[in-house]
Amino acid sequence: MNFSLPLGLFGGLALMALLTMSEMKNPLIMGNLHGILMVFGGTFAAALVCFPFNHLFNMFKVFYRALSGKQRKDTLAIIGDFKTLATKLSDGEALNAIQVNSLNPFFKESLKLLEEDTLSDDELSEVLSKRIEIQHEFYRKENNTFKVLGKFPPAFGLIGATLGMISLLQGLGSPDAFEKLGPSMSVALTATFWGLLLANMVLIPIGEKLSLASDQDLIIRRIVCDGILLLKEKKHPILVEEFLNSYLSPKDRNQVKSKA
């Protein structure tokens, strides 16, 4: 579980709520329904224009992937599985008789290709590399979805503020116009506040978080690709382990060696 994402969102929103309550005479003004509907409703409408509905539905799965934060544990587990596979293969065991603990779909798919043994070394390398490239491109598009959506809330916040100012200017000729000027401007600017908050506290940070998760997933897939090719070439288990450990940071490599 990756606690930094929910902690950051909760902490940021709590900070905004605290500052709002401490600095404003009437904090309830931030709950102006017109401003909230303009920003959230307008952003959702723009999202439907930009992306198909099933793509937007997949955003919940993408968000869960960023929230789970399993990439580091998966990396260490996969390297351990490759070490086990290389050791047992060198002892003469059949590949289809060896059980691995990893649930990584790409790892299991690649092992199946190796087990079928219908591709040459170069062909297997090309197939795995192409699948890595295509999947990374899919993830990149998903990440960009949040970044694209992050452009809309400030714009709709400005639209909400503009509509509020138009309504304000319409009433300037009334006798109590001066008394209503300040409160009316405050209401108009709430839409801008919600637009900036939604973009810079939620959508853009999640997009950056997903970019990091996508890069970590790319490393895992490259580890799988190299590990499969090393197994196909029947390399020594020590070489397999040390080669794949090159993808780890020095701290993680020392941690792995200390557990060995």
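Residues numbered from 1 in each chain as written. Predicted model: local features only at pLDDT ≥ 70, side-chain atom pairs only at ≥ 80, totals over all residues. Heavy atoms only, no water.

Colleague: For this particular structure, what's the right way to read the overall build of the protein?
Modeller: For the protein, the count of helices and strands is 10 helices and zero strands. Counting the 260 residues in the protein, one finds 35% classified as buried. In the protein, the proportion of contacts linking residues at least 24 apart, taken out of those at least 6 apart, comes to 77%. Looking at the protein as shown, the accessible area adds up to about 15700 Å², and 64% of this sits on carbon and sulfur atoms. (Helix = DSSP H or I, 4+ residues; strand = E, 2+ residues; numbered from the N terminus. Buried < 20%, exposed > 50% of the residue type's maximum accessible area, 1.4 Å probe, protein only. Contact = heavy atoms within 4.5 Å. Areas by Shrake-Rupley, 256 points an atom, 1.4 Å probe, with all protein chains shown as cover.)

Colleague: Can you help me understand the pattern of salt bridges in this one?
Modeller: Side chains that differ in sign of charge can pair as their charged atoms come close. Per the counting criterion, the structure on display carries eight salt bridges. Note that lysine 83 and glutamate 241 form a salt bridge whose closest N and O atoms lie 3.6 Å from each other. In this pair, lysine 83 sits in helix H4 (residues 71-90) while glutamate 241 sits in helix H9 (residues 237-245), placing the two residues 158 residues apart along the sequence. Residue classification places lysine 83 among the partly exposed positions, given a relative accessible area of 32%. Classification of glutamate 241 by relative accessible area gives buried; the value is 14%. (Salt bridge = Lys/Arg side-chain N within 4 Å of Asp/Glu carboxyl O.)

Colleague: Whenever I open this one, the packing of helix H2 (residues 33-50) against helix H7 (residues 152-170) confuses me. Can you help?
Modeller: For any two helices packed against each other, the geometry is given by the interaxial angle and the distance between the axes. Interaxial distance between H2 and H7 falls to 9 Å at its minimum, and their mutual angle equals 130°. Judged on the interaxial angle alone, H7 and H2 are oblique. Crossing geometry of H2 relative to H7 is assigned as right-handed. Side by side, H2 and H7 meet where Met38, Val39, Gly42, Thr43, Ala46 and Cys50 of the first sit next to Phe152, Pro153, Phe156, Gly157, Ile159, Gly160 and Leu163 of the second. Taken together, the residues of the contact of H2 with H7 break down into nine nonpolar, four polar and no charged. (Axes fitted to C-alpha atoms, helices over the stretch in contact; angles between N-to-C directions. Parallel < 35°, antiparallel > 145°, perpendicular 65-115°, else oblique. Left-handed = near helix turned anticlockwise from the far one by under 90°. Nonpolar A, V, L, I, M, F, W, Y, C, P; charged D, E, K, R; others polar.)

Colleague: I tried to follow the packing of helix H5 (residues 105-116) against helix H6 (residues 121-149) on my own but got confused; where do I start?
Modeller: As a packed pair, H5 and H6 sit with axes 11 Å apart at the nearest point and diverge in direction by 160°. Classified by the angle their axes make, H5 and H6 are roughly antiparallel. Pair H5 / H6 crosses with right-handed handedness. Facing H5, whose interface residues are Phe106, Glu109, Ser110, Leu113 and Leu114, H6 presents Leu124, Val127, Leu128, Arg131 and Ile132. Its residues placed into classes, the contact of H5 with H6 shows seven nonpolar, one polar and two charged.

Colleague: Is there a simple way to explain the environment of threonine 20 in this structure?
Modeller: Mapping threonine 20 onto the fold places it in helix H1 (residues 4-23). Taking the C-alpha atoms as reference points, threonine 20 and methionine 30, 10 residues apart in sequence, are found 8.2 Å from one another. Excluding its chain neighbours within four sequence positions, the residues that come into contact with threonine 20 are Pro27 and Met30.

Colleague: Looking at this model, I keep getting lost on the nonpolar core. Mind explaining?
Modeller: One recurring pattern in soluble globular proteins is that nonpolar side chains are buried together. Of all hydrophobic cores here, the largest spans 27 residues; its most connected members are Phe82, Leu85 and Ile228. Among the secondary structure elements, those contributing two or more residues to this core are H4, H5, H6, helix H8 (177-232) and H9. Among the elements that take part in this core, H8 stands out by supplying nine residues, more than any other. For isoleucine 228, the residues in contact, after removing those within four places along its chain, are Phe82, Ser110, Leu111, Leu114, Leu124 and Leu128. (Core = buried A, V, L, I, M, F, W, Y, C linked by side-chain atoms within 4.5 Å.)

Colleague: Hey, could you run me through H9 in this one?
Modeller: The periodicity of an α-helix, 3.6 residues per turn, causes residues three or four places apart in sequence to face the same way. Residues of H9 that are buried include every one of Pro237, Val240, Glu241, Leu244 and Asn245, and no others. Summarising the axial view, the buried residues of H9 lie within an arc of 120°, below the 170-degree limit, and thus occupy one face. (Arc of directions from axis to C-beta.)

Colleague: Which parts of the structure should I look at to understand the packing of aromatic side chains?
Modeller: Remark: the centre distance and the inter-plane angle together describe each pair of aromatic rings, the angle taken between the planes. If you walk through the whole model with that rule in mind, you get three aromatic pairs. Between the aromatic rings of phenylalanine 82 and phenylalanine 107, the centroid separation amounts to 4.8 Å while the plane-to-plane angle is 45°, which identifies the pairing as tilted. Taken together, the positions of phenylalanine 82 in helix H4 and phenylalanine 107 in helix H5 put the pair 25 residues apart, joining distant regions of the chain. Of the two residues, phenylalanine 82 and phenylalanine 107, both sit in the buried class. Ring plane angle 75° and centroid distance 5.6 Å describe the contact between phenylalanine 193 and tryptophan 194, whose orientation is recorded as edge-to-face. On the accessibility criterion, tryptophan 194 (21% relative accessible area) is partly exposed. (Phe/Tyr/Trp six-rings, centres within 6.5 Å; stacked < 30°, edge-to-face > 60°.)

Colleague: Can you walk me through a nonpolar patch on the surface in this structure?
Modeller: On the surface, Phe44, Leu48, Phe53, Phe57 and Phe60 cluster together to form a nonpolar patch covering roughly 600 Å² of accessible area. Mapped onto the nonpolar patch, the elements with two or more residues apiece are H2 and helix H3 (53-68). In terms of residue count, the dominant contributor to the nonpolar patch is H3 (three residues). (Patch = residues over 30% accessible without salt bridge, like charges linked within 9 Å, V, L, I, M, F, W, Y side chains within 5 Å.)

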